[in-house]
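Residue-level structure breakdown
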Amino acid sequence: MARTMRKSSYFNTTVLLVLAVLALQLGSCSSDTDAFSDPNTANTPPDVTPEASPEDTPEDTPEDTPEDTPETPVVSIDPEITEFRFSSADNEGLVTDIMGTLDKDNKTIHVELNPYSVAIQELTPTITLSSEATVSPESNTVQDFSSEITYTVTAENGTIVTYTIVPSLSGNICKSNLQESGPIIVSANNQRIENLYIKTSNQHGIEINNFSGVVITNCIIEYTGAYTGIKFANADNLTIDNCSITYTNAPSSGPLPDATRNCIEGIQSQNLVITNVKVTDGSTGISLNQCDDSILTYIEGHNMRGPYPRGQFVQYDKCIGGLLENFSVINDRDIAWTEDNISIYKSAGQQIKKGLIVGNNSPTGVGVLFEDQNTEGARGGFGGLVEDVDFLEMGNGVVSSVEGSKNVTFTRIRAKQIICGDLGQNRGVPTSNSLIFAAFGTAEGTGANKIIDCIVYNSCNPTNIVWPEHNFDLIDYRDDIDFEPREPIALQFTCSSDD
């Protein structure tokens, strides 16, 4: 059965008064002294040039007198590679162009390559140079980029500069092809940490404080103790790419000893990018506090362990904006110890898209929660979006906009296998009687939330789908159609040689 409810809309008609404005008389008269401050030229007609005085007449210069014209110095400019790319038009398997990241100071160019999607031994680069420079090997020449390669750039005046192309190979990293390392503390802006297998039990795996532009790529991090896999503060423009982060020595089931053992934890860092990252067995997978405009894509999570107040796959705390897209988290309810799978706390403007959430055994937690957007310390105003996300094995709730949050849109949400009984591990039963959509804690009629084109299939409590209805401007869902859930994200961080 389809269920659609729309609130009535009221429109106020405003009568616009059009005022006739008299045109101002154009032009104005200026005094002579306003127009000309020099009395000698005040009355000079525009086409008449005053006679030059004898003092202004230059002396004749003999034709054989050499002029003292300074020579223009010849400036030598070092030759440069100004752009390095792999064009999809020239390389089979590429859907979009791959741009190299230039480090002019160190004369290096970093490129991210996936050997599963493109033949890295036979790639054709397009190289743009500074004026009049040449390069060897030439641009558009096929090369093997499975390891570092050098290019020699020569200026017109013969100056030579060598660039090193450093490939970072995504999609095939594993312990056996990475360099073993202990924990790392970042010491400079734009530092790169790559191709490492980091193990630590006595400090954070990677720690960043007050450095920007850091890149962490192609790393496996295994950490334990009361520490974090990657911890950062005031680290604007941080990139974490193609990494697996696991809390080791977790109990066979249930929570960790305390709530501080997050896989990734950051504070006051803007424009964060996390992509192709797997988080496993941490207190929380990714915890962000006052990290505005973050981009999280292709994130895989397993068994978030808490304990309360942690237990989230991703948490936004006092963050403005942010995108989480193409993600999955799979929590085995006999192992994990969850709270809200995705918590958006005192934050607004987040977009949660194209995801799969399986398993929540918290009696008070929900799948995606918007909370406290109007309380002290909240940032970003109101609103948010959850779109194209599937939910399975939820207990207490699926999606919520509560306690002062509003203007949240839930589009194409799909939910089934909702739990009404025991949640596992002696955690009890859902306190909401397995509610699907919630919007309580906001004054009646002010929530302005929307449910658009959603599916709730075979709910264990079919009379408890939306509450309270007065805080939704639109309620549009179906409960008579099944669906095939989205495929989980499956990033590869193992090799046969690891066994």
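In short, a report on the structure.

Conventions and cut-offs
- Residues numbered from 1 in each chain as written.
- Predicted model: local features only at pLDDT ≥ 70, side-chain atom pairs only at ≥ 80, totals over all residues.
- Heavy atoms only, no water.
- Helix = DSSP H or I, 4+ residues; strand = E, 2+ residues; numbered from the N terminus.
- Contact = heavy atoms within 4.5 Å.
- Areas by Shrake-Rupley, 256 points an atom, 1.4 Å probe, with all protein chains shown as cover.
- Core = buried A, V, L, I, M, F, W, Y, C linked by side-chain atoms within 4.5 Å.
- Buried < 20%, exposed > 50% of the residue type's maximum accessible area, 1.4 Å probe, protein only.
- Pairing = 2+ DSSP bridges.
- Polar contact = N/O pair within 3.5 Å; in protein donor to acceptor, adjacent residues only side chain to side chain.
- Salt bridge = Lys/Arg side-chain N within 4 Å of Asp/Glu carboxyl O.
- Phe/Tyr/Trp six-rings, centres within 6.5 Å; stacked < 30°, edge-to-face > 60°.
- Lys NZ or Arg CZ within 6 Å of the ring centre and 35° of its normal.
- Disulfide = S-S within 2.5 Å.

**Focus on the overall build of the chain**
Of regular secondary structure, the chain possesses one helix and 33 strands. Intrachain contacts of the chain at a sequence separation of at least 6 include 68% that bridge at least 24 residues. Accessible surface, the chain: about 25,400 Å² in total, of which carbon and sulfur atoms supply 48%.

**Looking at the nonpolar core**
Counting residues in hydrophobic clusters, the biggest one holds 68 residues, and the most contacted among them are Ile-216, Phe-232, Ile-240, Ile-264, Phe-391 and Phe-437. Ile-264 has contacts with Thr-228, Ile-230, Phe-232, Ile-240, Ile-245, Ile-274, Val-277, Val-279, Gly-285, Ile-286 and Ser-287, leaving out every residue within four places of it along the chain.

**Looking at the sheet that holds strand β27 (residues 399-402)**
Ordered in space as β11-β13-β15-β17-β19-β21-β23-β25-β27-β30-β32, the 11 strands form an open sheet in which the pairing is parallel. On the outer flanks of this sheet lie β11 (184-185) and β32 (466-467), each paired with one strand and no other. The sheet contact formed by strand β19 (residues 286-289) and strand β21 (residues 314-317) spans four bridges and is parallel. Residue pairing across strands places Leu-288 opposite Tyr-316, the latter belonging to β21.

**Observations concerning the side chain of Asp-281**
When you line up the elements, Asp-281 lands in the loop between β18 (273-280) and β19. Owing to a relative accessible area of 14%, Asp-281 belongs among the buried residues under this scheme. Here the side chain of Asp-281 touches Arg-305 through a polar contact of 3.1 Å, side chain to side chain. In contact with Asp-281, not counting residues within four places along its chain, are Tyr-247, Ala-250, Leu-256, His-302, Asn-303, Met-304 and Arg-305.

**A few points about the pattern of salt bridges**
Under the criterion given, the structure shown has 18 salt bridges. Residue Asp-258 is joined to Arg-261 by a salt bridge in which the shortest nitrogen-to-oxygen separation is 2.9 Å. When its relative accessible area of 9% is taken as the criterion, Arg-261 is described as buried. We note a salt bridge from Asp-281 to Arg-305, for which the minimum N-O separation is 3.1 Å. Taken as a pair, Asp-281 in the loop between β18 and β19 and Arg-305 in the loop between β20 (295-302) and β21 lie far apart in primary sequence, 24 residues in all. You'll find Asp-281 and Arg-305 in the same group, each marked buried. One continuous salt-bridge network, built from bridges that share partners, spans Glu-83, Arg-85 and Asp-97.

**A few points about the pairing of strand β31 (residues 449-457)**
Judged from the three bridges that link them, strand β28 (residues 408-411) and β31 form a sheet pairing that is parallel. Residue pairing in the sheet places Phe-410 in a bridge with Ile-451 of β31. Sheet topology note: the strand β29 (residues 414-416)/β31 ladder contains three bridges and is parallel. Across the sheet, the residue bridging to Lys-416 is Tyr-457, located in β31. Here β31 pairs with strand β33 (residues 472-478) via five bridges, running parallel. Looking at β33, one finds that Lys-450 is bridged to Leu-474.

**Section: the packing of aromatic side chains**
Two aromatic rings are characterised by how far apart their centres lie and by the angle between their planes. What the rule picks out here adds up to nine aromatic pairs. Plain terms: the ring middles of Phe-84 and Phe-145 are 6.2 Å apart, the flat faces sit at 70 degrees to each other, and that makes the pair edge-to-face. A residue pair is termed long-range when its members are at least 10 positions apart, and Phe-84 in strand β2 (residues 81-86) and Phe-145 in the loop between β7 (134-136) and β8 (149-154) qualify at 61 residues. In terms of burial, Phe-84 and Phe-145 fall into one category: buried. Geometrically, the ring pair formed by Phe-84 and Tyr-151 is edge-to-face, given 5.9 Å between the ring centres and 70 degrees between the ring planes. Residue Phe-84 is located in strand β2, and its partner Tyr-151 is located in strand β8; the two are separated by 67 residues in the primary sequence. The exposure classification of Phe-84 matches that of Tyr-151, with both residues buried. Site record: aromatic cluster; members linked through ring pairs are Phe-84, Phe-86, Phe-145 and Tyr-151. Above the plane of the ring of Phe-382 lies Lys-406, whose end atom (NZ or CZ) is 4.6 Å from the centre. One residue, Arg-427, lies across the ring of Trp-337, its end atom 4.1 Å from the ring centre.

**A few points about the state of the cysteines**
Considering all chains together, one arrives at one disulfide under this definition. The disulfide partner of Cys-420 is Cys-460, and the gap between their sulfur atoms is 1.9 Å. Of note, the bridge from Cys-420 to Cys-460 carries an S-S torsion of about 85 degrees and is right-handed in sense. Of this pair, Cys-420 sits in the loop between β29 and β30 (437-438) while Cys-460 sits in the loop between β31 and β32, and the two are 40 residues apart along the sequence. Judged by relative accessible area, which is 34%, Cys-420 ranks as partly exposed. No disulfide involves Cys-243; its nearest neighbouring cysteine sulfur is the one of Cys-219, lying 4.8 Å away.

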